[in-house]
Structure formats: structure tokens, C-alpha cells
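Given next are the chains, with one letter for each unit.
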Amino acid sequence: MSKILLFLVRGYQRFLSPILPPSCRFHPTCSNYMIDAIRTHGAFKGGLMGVARILRCHPFAKGGIDYVPLTFSLKRNLDEEYHGPYNKRKKHREN
């Protein structure tokens with residue numbers, strides 16, 4: 001299922017996105033967020049997170065940085081540190 005969703009998003013990025021004017025208010029873009037969410041949390045949870053992100057991307061949204069969180073959440077991620085889309089482990093800090 002993940003491969004099918006990723007194929008659809010990549011198709012959108014390749015064929016539809018170049019035709020449409022840039023309008024995403026977040027970084028990374030909504031399609032990249034969807035890909036990262038699916039790879040990090042799986043097809044169902046990642047798909048839900050991607051749809052929630054698309055619904056948050058509207059003209060009245062503040063926008064800004066919104067990376068995929070390491071834990072499942074449909075809300076905006078306020079952590080502006082990039083943890084990587086594939087690394088589910090939290091980084092250990094040396095004291």
C-alpha cells in the first residue's frame with residue numbers, strides 16, 4: 001500500500017505540480033511531507049498525516065517549518081529540528 005501511495009505522490013510531483021503555481025505555505029512542501037510521513041509512519045498513519053497537512057495548507061495559515069514528527073500526530077509539529085524522514089530513533093546527546 002505504501003508503494004502505491006508513494007507512486008501517486010511522485011506522479012503528482014512530476015506531472016501536475018509543474019503545471020500549478022507554487023502555493024505551499026510550509027517547508028517541506030506538502031507532497032514531500034506526505035512522502036516523509038508515509039516512509040516514517042507507514043501507509044495509513046502517514047497518509048492521514050499528509051491529508052491533515054494538506055488541510056492545514058490554506059491562504060490563512062501562518063506557514064513556516066513543519067517537519068514530520070517522530071511520533072504520530074495530526075497537529076503541526078512545532079519542533080523545528082529536522083530528525084530525518086527515515087530515522088525513527090531519537091538522537092542521544094552527550095553530556
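None of these values were measured; they are calculated from a predicted model.

Thresholds, definitions, all that
Residues numbered from 1 in each chain as written. Predicted model: local features only at pLDDT ≥ 70, side-chain atom pairs only at ≥ 80, totals over all residues. Heavy atoms only, no water. Phe/Tyr/Trp six-rings, centres within 6.5 Å; stacked < 30°, edge-to-face > 60°. Lys NZ or Arg CZ within 6 Å of the ring centre and 35° of its normal. 1 Å grid on protein atoms, 1.4 Å probe; cavity = no way out; pocket = protein on both sides within 12 Å on 5 of 7 lines; lining within 4 Å. Points joined across faces, edges and corners; volume = space filled by probe spheres on them. Helix = DSSP H or I, 4+ residues; strand = E, 2+ residues; numbered from the N terminus. Expected span 1.5 Å × (residues − 1). Buried < 20%, exposed > 50% of the residue type's maximum accessible area, 1.4 Å probe, protein only. Contact = heavy atoms within 4.5 Å.

### So, the packing of aromatic side chains
One pass over the full model with this rule turns up 0 aromatic pairs. The positively charged end of Lys45 is found above the aromatic ring belonging to Phe72, 5.6 Å away from the centroid.

### Comments concerning the layout of surface pockets
One way to see where empty space is left: roll a probe the size of a water molecule over the atoms. Estimates place the volume of the largest pocket at around 380 Å³. Around the largest pocket sit 15 residues that line it, and Tyr12, Ser17, Cys24, Cys30 and Ser31 are the ones nearest its centre. For the lining of the largest pocket, the secondary-structure elements that each account for two or more residues are α1 (2-16) and α2 (30-41).

### A few points about α2
With 12 residues, α2 ought to run about 16 Å at 1.5 Å a step, and its terminal C-alpha atoms sit 16 Å apart, in line with that. Across the 12 residues of α2, 10 count as buried, placing the element largely inside the fold. Among all positions of α2, only Cys30, Ser31, Tyr33, Met34, Ile35, Asp36, Ala37, Ile38, Thr40 and His41 are buried. The secondary structure elements touched by the buried residues of α2 are α1 and α3 (43-56). In the segment just after α2, Gly42 is the residue with positive phi, at about 95°.

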